[in-house]
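# Summary of the model geometry
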Amino acid sequence: MKILFLVYHGFSEISGITKKIRNQVKGLRENGHEVHLCYYTFSPDGHRCRYADDTIIADYGTGLTAAIRQRLSYGCIYDYCRTQGIQFVYARSFMNANPWLIRLFSRLRRAGIRAVTEIPTYPYDGEFVGFPLLARLGLYTDRIFRRRLAARMDAMVTFSDVTEIFGQRTINISNGVDMDSIPLHHPVTTSGEIHILGVAEVHYWHGFDRMIAGLGEYYNKEEHPREIFFHIVGGVAQSEMHDSVHAPGFAELIEKYGISNRVVFHGQLHGNELDSVFDRCVFAVGSLGRHRSGITDIKTLKNREYATRGLPFIYSERDSDFDDKPYVMKAPADESPIDVKNILEFIETHIFTPQEIRNTVGCMSWKNQMEIVVDSVMSR
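These remarks concern the structure in this document.

## So, the sheet that holds strand 14 (residues 313–315)
In space, the 6 strands of this open sheet follow the order 12-11-10-13-14-15, with parallel pairing throughout. In this open sheet, the two edge strands, each paired with only one partner strand, are strand 12 (263–267) and strand 15 (328–330). The sheet shows a mean angle of 25 degrees between the axes of neighbouring strands, taken without regard to direction. Sheet topology note: the strand 11 (residues 228–233)/strand 12 ladder contains 4 bridges and is parallel. Looking across to strand 12, one finds that Phe 230 is bridged to Val 263. Each of strand 10 (194–199), strand 11, strand 12 and strand 13 (283–285) touches helix 6 (residues 208–220); the most contacted strand, strand 11, lies at about 165 degrees to it. Against the sheet, helix 11 (residues 340–349) touches strand 10, strand 11, strand 13, strand 14 and strand 15, its axis set at about 160 degrees to strand 15.

## Remarks on the side chain of Ser 293
Its location among the elements puts Ser 293 in the loop between strand 13 and helix 10 (301–309). On the basis of relative accessibility, which here comes to 3%, the residue Ser 293 falls in the buried class. In this view, Ser 293 contacts Pro 123, Gly 126, Glu 127, Tyr 204 and Trp 205; residues no more than four positions away in its chain are not counted.

## Some points on the nonpolar core
Ranked by internal contacts, the top residues of the largest apolar core, which has 37 residues, are Ile 77, Val 89 and Phe 105. Listing elements by their share of this core, those giving two or more residues are strand 1 (2–6), strand 2 (34–42), strand 4 (55–61), helix 3 (75–84), strand 5 (88–92), helix 4 (99–110), strand 6 (114–119) and helix 5 (133–151). If near-sequence neighbours (up to four positions away) are discounted, Val 89 is found in contact with Leu 4, Leu 6, Cys 81, Phe 105, Leu 108, Ile 113, Arg 114, Ala 115 and Val 116. Core analysis: the next-biggest nonpolar cluster, separate from the first, contains 33 residues, Ile 232, Tyr 257, Ile 259 and Phe 346 among them.

## What about a nonpolar patch on the surface?
On the surface, Leu 64, Ile 68, Leu 72 and Trp 100 cluster together into a nonpolar patch covering about 400 Å² of accessible area. Broken down by element, the residue count for the nonpolar patch peaks at 3 residues, all from helix 2 (residues 63–72).

## Regarding helix 6
With 13 residues, helix 6 extends 18 Å from end C-alpha to end C-alpha; this agrees with the ideal 18 Å at 1.5 Å per step. A large share of helix 6 lies buried, amounting to 11 of its 13 residues. Within the sequence span of helix 6, burial applies to Phe 208, Asp 209, Arg 210, Met 211, Ile 212, Ala 213, Gly 214, Leu 215, Gly 216, Tyr 218 and Tyr 219. Where helix 6 is buried, its residues meet strand 10, strand 11, helix 8 (250–257), strand 12, strand 13 and helix 11.

## Description of unusual backbone geometry
Between Tyr 122 and the following residue, Pro 123, the backbone shows a cis peptide bond with an omega angle of -5 degrees. By secondary structure assignment, the location of Pro 123 is in the loop between strand 6 and helix 5. Of note in this structure, Asp 53 is not a glycine but carries a positive phi near 55 degrees. Positionally, Asp 53 belongs in the loop between strand 3 (48–52) and strand 4.

## Some remarks on the sheet that holds strand 5
Reading across the sheet, the 9 strands line up as 4-3-2-1-5-6-7-9-8 and stay open at both edges, with mixed pairing between neighbours. Strands at the two margins of the open sheet, each flanked by one partner only, are strand 4 and strand 8 (164–165). Alignment of strand 3 against strand 4, held across 5 bridges, turns out to be antiparallel. Across the sheet, the residue bridging to Cys 49 is Asp 59, located in strand 4.

## Some details on the pattern of salt bridges
This structure, assessed with the given rule, holds 21 salt bridges. Where Asp 334 meets Arg 210, a salt bridge forms, and the shortest distance between an N and an O atom there is 3.1 Å. In this pair, Asp 334 is assigned in the loop between strand 15 and helix 11 and Arg 210 in helix 6, connecting sequence segments 124 residues apart. For Arg 210, a relative accessible area of 2% translates into the label buried. If you follow the salt bridges from partner to partner, you end up with Asp 161, Lys 299, Arg 304, Asp 319 and Asp 321 in one network.

Thresholds applied
- Residues numbered from 1 in each chain as written.
- Predicted model: local features only at pLDDT ≥ 70, side-chain atom pairs only at ≥ 80, totals over all residues.
- Heavy atoms only, no water.
- Pairing = 2+ DSSP bridges.
- Helix = DSSP H or I, 4+ residues; strand = E, 2+ residues; numbered from the N terminus.
- Axes fitted to C-alpha atoms, helices over the stretch in contact; angles between N-to-C directions.
- Contact = heavy atoms within 4.5 Å.
- Buried < 20%, exposed > 50% of the residue type's maximum accessible area, 1.4 Å probe, protein only.
- Core = buried A, V, L, I, M, F, W, Y, C linked by side-chain atoms within 4.5 Å.
- Patch = residues over 30% accessible without salt bridge, like charges linked within 9 Å, V, L, I, M, F, W, Y side chains within 5 Å.
- Areas by Shrake-Rupley, 256 points an atom, 1.4 Å probe, with all protein chains shown as cover.
- Salt bridge = Lys/Arg side-chain N within 4 Å of Asp/Glu carboxyl O.
- Expected span 1.5 Å × (residues − 1).

Read these as spatial facts, not as claims about activity.
Structure follows, in structure tokens:
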């Protein structure tokens, strides 16, 4: 089957979202489908363009007019689907429902082309609290039109357990993993120290402040049997470093507890540098603050990547793929500091090899997850 994977933005080589999209496309291709990737980005000469694979299908030009046109003009996508014989469109939501997008999917439906939209996190309104006015205006537009857009879909794809989104039925899948691109954890000796890792493009819903506060409380006690370090890999915005409307700032917590030498910020890493930090660590931190954005159930990509590497980890949401796994710790979905001593005891009493943990996620491959979507749509 000919599939168009539709993304409303460009890519970055160090972005987890980029890696995820490419692995989804790979998963579809592994099931025998012909997949074309449609996205929007700047061309080498600075023009705003929409691409299908490496071919420009619309050049919007430069300047403010071009920026507006790319948000309103989707005719090139319809034309491409018709001329290339596309049978199915898999779109990734950018929280960008509007009348022009509704028109595009109405035309696709009349042409007999099936379509779904993936909602990366649901619900997502809470993620915009405290964001700049322009971002909140975009969300306001999305709120007005998203039910009408959903009505033009065959289904909404979600990584939660909800059965309906914006009045449309859902296809429930898990975030997948690509075994070929995620190496197995190879722990290195660290002289009795415990190194814990959190990987994310950090937002308040990751709740890493709870881990920092927990580390501070651990060192505040008279007895702390092991030296423990928390490594953060990924971009950390100033809004996370300093107190915000969402959560305590990392910098304030580190200063309060005097633990600047025990919280390590690596910035964005990939390849061998990322693998090296992973191999120093024996435990990982998933999301600890999803309740802050109104989410209780979600199947995050990071949990699956940790398990594929072979690391035990902690998180606070509900994730039906991992809630009963013996290598997982569950934190309460509240604002309390994480009890680091409990993590230490867990590490010392729960012994798993990386391969044992990795063996539990074979069914979560993107090949399996993406075929669930295709089967669900095409069988109706």
